[in-house]
Amino acid sequence: MAADRFVMPLRMNEGFDEQALLTLEEEIDCCGTAWKAADHVPKRAALILAELHPAIEACAWLYEGDMRQRIQEAGVMVSEAVIAALDRAPS
């Protein structure tokens, strides 16, 4: 899962994977596109998406300085991608 490929290395203090972040954002966008024609957002997907920003934010505190700030910014970017995807979903 794209979320794990980005968050797990952060959590394990292995650093920031820019490509994994881009993949995660692309996957979130694909979900939003798929949900546009769906009757609802799958519950499991909604739970995963709701936990992404807090999980990334928690990982940021394992790092210092510019890296911490970059991770926090990535969390905000992911959160914005989730909001955009959900805005396309049925209400």
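Since we're looking at a predicted model, the values are computed, not measured.

Rules of the game
Residues numbered from 1 in each chain as written. Predicted model: local features only at pLDDT ≥ 70, side-chain atom pairs only at ≥ 80, totals over all residues. Heavy atoms only, no water. Core = buried A, V, L, I, M, F, W, Y, C linked by side-chain atoms within 4.5 Å. Buried < 20%, exposed > 50% of the residue type's maximum accessible area, 1.4 Å probe, protein only. Helix = DSSP H or I, 4+ residues; strand = E, 2+ residues; numbered from the N terminus. pLDDT = per-residue confidence, 0-100. Expected span 1.5 Å × (residues − 1). Arc of directions from axis to C-beta. Contact = heavy atoms within 4.5 Å. Polar contact = N/O pair within 3.5 Å; in protein donor to acceptor, adjacent residues only side chain to side chain.

### Focus: the nonpolar core
Phe6, Leu24, Ile28, Leu52 and Val78 are the most contacted members of the largest nonpolar core, which totals 25 residues. Only α1 (2–11), α2 (18–36), α3 (43–60) and α4 (65–88) provide two or more residues apiece to this core.

### A few points about the confidence of the model for the protein
Counting all residues, the mean pLDDT for the protein is 93, and 99% of those residues have values of 70 or more. Ranking the elements of the protein by mean pLDDT puts α3 last, at 94, and α1 first, at 96.

### Description of unusual backbone geometry
At Asn13, a residue that is not glycine, the phi angle is positive and equals roughly 60°. Residue Asn13 is classed as partly exposed on the basis of its relative accessible area, which comes to 48%.

### A short note on α2
Its 19 residues give α2 an end-to-end C-alpha distance of 28 Å, which sits within 8% of 27 Å, the value for a rise of 1.5 Å per residue. Of all the positions in α2, only Ala20, Leu21, Leu24, Glu25, Ile28, Gly32 and Trp35 are classed as buried. What you see down the axis of α2 is that its buried residues fit within an arc of 140°, all on one side. Pointing more than 90 degrees away from the buried face of α2 are the exposed residues Glu26 and Lys36. The inward-facing, buried residues of α2 abut α1, α3 and α4. For α2, the capping residue at the N-terminal end is Asp17, with a side-chain oxygen 3.1 Å from the backbone nitrogen of Gln19.

### Concerning the environment of Ala60
By the element assignment, Ala60 lies in helix α3. Note on Ala60: relative accessible area 0%, which makes it buried. Between the C-alpha atoms of Ala60 and Gln19, which are 41 residues apart in sequence, the distance is 18 Å. Ignoring any residue separated from it by four or fewer positions in sequence, one finds Ala60 in contact with Arg68, Ile71 and Gln72.

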